[in-house]
Amino acid sequence: MTAPQIMTAQAPEGFRCGFACFIGRPNVGKSTLMNALVGTKVAITSSRPQTTRRAIRGIVHRCDAQLIIVDTPGLHKPRTLLGERLDSLVRSTLTEVDVIGFCIPANEKIGPGDRFIARELAGLSGKTPVVAIVTKTDLADRRRIAEQLVQVDRLGDFADIVPVSATEGFQVDLVGDLLISHLPEGMPLYPEGDLTDEPEHVLVAELIREAALEGVRDELPHSIAVVVDEIRPREDRDDLIEVYAHLFVERPSQKAIVIGAKGSRLREVGTCARKQIEALLGVRVYLDLQVSVAKDWQRDPKQLRRLGFDD
Ligand SMILES: Nc1nc2c(ncn2[C@@H]2O[C@H](COP(=O)(O)OP(=O)(O)OP(=O)(O)O)[C@@H](O)[C@H]2O)c(=O)[nH]1
């Protein structure tokens, strides 16, 4: 994997630097764990499966190491063209990192989805170490966690197995230590203080999508895509930024749901997203959010490209 800039400062003896990624079924807590490790919100999270669609990097800075985390979408059997593209994104990520964190929730039985991923990992060429991470321990009692650790041990050949609760902050640092122990020695690749190298408009689009996902059900979450057209300072004002964005759905009926009665839902989404964007950019924001129908975009290669999902 390439990084934008090589630091010239001397790294301390034994400094480690490299890439990690989390893999796991949708909704097992990968993005939440990355945010907890990085210490800020760089990947959006929601209770809807398949929230993550892009490989977002979070950067963990330690005095002895720099850990660059690539966030992957949950691996699943492809159903749509979007699904297929997500899976190829995950596979290419897996071959490029120094260590893989395989996330399995403590509060759910190991199922076919986990076994499918375990087989994929066992079949990887090369010898990328895999750390099994038993997530959401706050949702399971001690006996259940112990049982899950035994079951996970049987699932594959792991360098370590570690229980963690990202929301409670339990053993998050230990996960960081274990991942870092598998990184090669080397100079830091990113300047101190950089937390992600995702472009601003992508982070802003993800925050809007996160706000739009709250409270929607069934197939709608998968049908929502957000593109930020422009971010610009308001003329003659240095304390206000204007954000112009489009929220795409696949059908007119979905558009009606997203907008809500007399625009009420869209207003809520806009207010919630605006607050998050203001927190991210540290400045007041005017958000112009339009809703459009991009018919069946998940299955249409041209639309996928337009919405930023490249081959
Ligand atoms: N109680 C509890 N909930 C958690 C924990 N970690 C994540 N969650 C919740 O689980 C849900 C899914 O978390 P995400 O981090 O979005 O999961 P993900 O694996 O990145 O999901 P995809 O993007 O769909 O692959 C969210 O509602 C989180 O708040 C945890 O440690 N404890």
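Residues numbered from 1 in each chain as written. Predicted model: local features only at pLDDT ≥ 70, side-chain atom pairs only at ≥ 80, totals over all residues.

**Q** I'd love a proper account of the overall build of the chain, names of residues and values included.
**A** What the chain contains, in helices and strands, is 10 helices and nine strands. A fraction of 69% describes how many contacts in the chain between residues 6 or more apart in sequence connect residues 24 or more apart. (Helix = DSSP H or I, 4+ residues; strand = E, 2+ residues; numbered from the N terminus. Contact = placed C-beta atoms within 7 Å.)

**Q** Tell me about unusual backbone geometry, and name the residues and values.
**A** Residues other than glycine seldom take positive phi values, yet Asn27 does so here, at roughly 75 degrees. Relative to the elements of secondary structure, Asn27 occurs in the loop between β1 (16–23) and α1 (30–38). Positive phi, normally seen in glycine, also occurs at Lys136, with a value near 55 degrees. Here Lys136 is to be found in the loop between β5 (130–135) and α4 (142–155). For Lys136, a count of 23 C-beta atoms within 10 Å puts it in the buried group. (Buried ≥ 20, exposed ≤ 12 C-beta atoms within 10 Å, placed from the backbone.)

**Q** Describe the sheet that holds strand β8 (residues 240–249), listing the residues and the values that go with them.
**A** Taken together, three strands build an open sheet; the order of strands is β7-β8-β9 and the sheet is mixed. The sheet terminates laterally at β7 (225–233) and β9 (284–293), the two strands that pair on one side only. Each strand of the sheet is rotated relative to its neighbour by a mean of 20 degrees, with strand direction disregarded. Taken together, the eight bridges between β7 and β8 define a ladder with antiparallel strand orientation. Counterpart to Val228 in the pairing with β8 is Ala245. (Pairing = 2+ DSSP bridges. Axes fitted to C-alpha atoms, helices over the stretch in contact; angles between N-to-C directions.)

**Q** Would you mind going over the nonpolar core in detail, with residue names and values included?
**A** In this structure, Cys21, Leu33, Ile100, Phe102, Ala132 and Ile133 are the most contacted members of the largest nonpolar core, which totals 46 residues. Secondary-structure elements contributing two or more residues to this core are β1, α1, β3 (65–71), β4 (99–105), α3 (112–122), β5, β6 (160–163) and α5 (172–181). It is β1 that provides the largest number of residues to this core, a total of six residues. Membership of the second largest hydrophobic core comes to 25 residues, among which are Ala205, Ala273, Ile277 and Leu287. (Core = buried A, V, L, I, M, F, W, Y, C linked by C-beta atoms within 7 Å.)

**Q** Can you tell me about helix α6 (residues 200–213), naming the residues and giving the values?
**A** Its 14 residues give α6 an end-to-end C-alpha distance of 20 Å, which sits within 8% of 20 Å, the value for a rise of 1.5 Å per residue. The buried fraction of α6 amounts to 10 of the 14 residues, a majority that puts the element mostly inside the structure. Those residues of α6 not exposed but buried are Leu203, Val204, Ala205, Glu206, Leu207, Ile208, Arg209, Glu210, Ala211 and Ala212. Those residues of α6 hidden inside the fold are in contact with β7, β8, α8 (252–259), α9 (264–281) and β9. (Expected span 1.5 Å × (residues − 1).)

**Q** I'd like a rundown of the environment of Val60, residues and numbers included.
**A** Mapped onto the secondary structure, Val60 falls in strand β2 (residues 56–61). Considered as a pair, Val60 and Ala36 are 24 residues apart in the sequence and their alpha carbons are 9.9 Å apart. Contacts of Val60, omitting those with residues within four sequence positions, involve Leu37, Val38, Leu67, Ile69 and Gly176.

**Q** Pulling in residues and values, what's your account of the environment of Ala225?
**A** Residue placement: Ala225 occurs in strand β7. Each C-alpha atom, one on Ala225 and one on Ala205, is 8.5 Å from the other, the two residues being 20 residues apart in sequence.

**Q** Lay out the pairing of β5 with the relevant residues and their values.
**A** With six of six residues buried, β5 is to be regarded as a mostly interior element. Alternating positions in β5 separate into two faces, Val130, Ala132 and Val134 on one and Val131, Ile133 and Thr135 on the other, with burial throughout. Relative to β5, β4 is paired through six bridges, and the arrangement is parallel. Paired with Ile104 across the strands is Val134, a residue of β5. Summarising the sheet, β5 and β6 pair through four bridges and their orientation is parallel. Bridging across to β6, Val134 finds its partner in Pro163. Tracing the backbone out of β5, into α4 and back to the parallel element β6 gives a crossover that is right-handed. (Right-handed = clockwise from strand over helix to strand, strands pointing away.)

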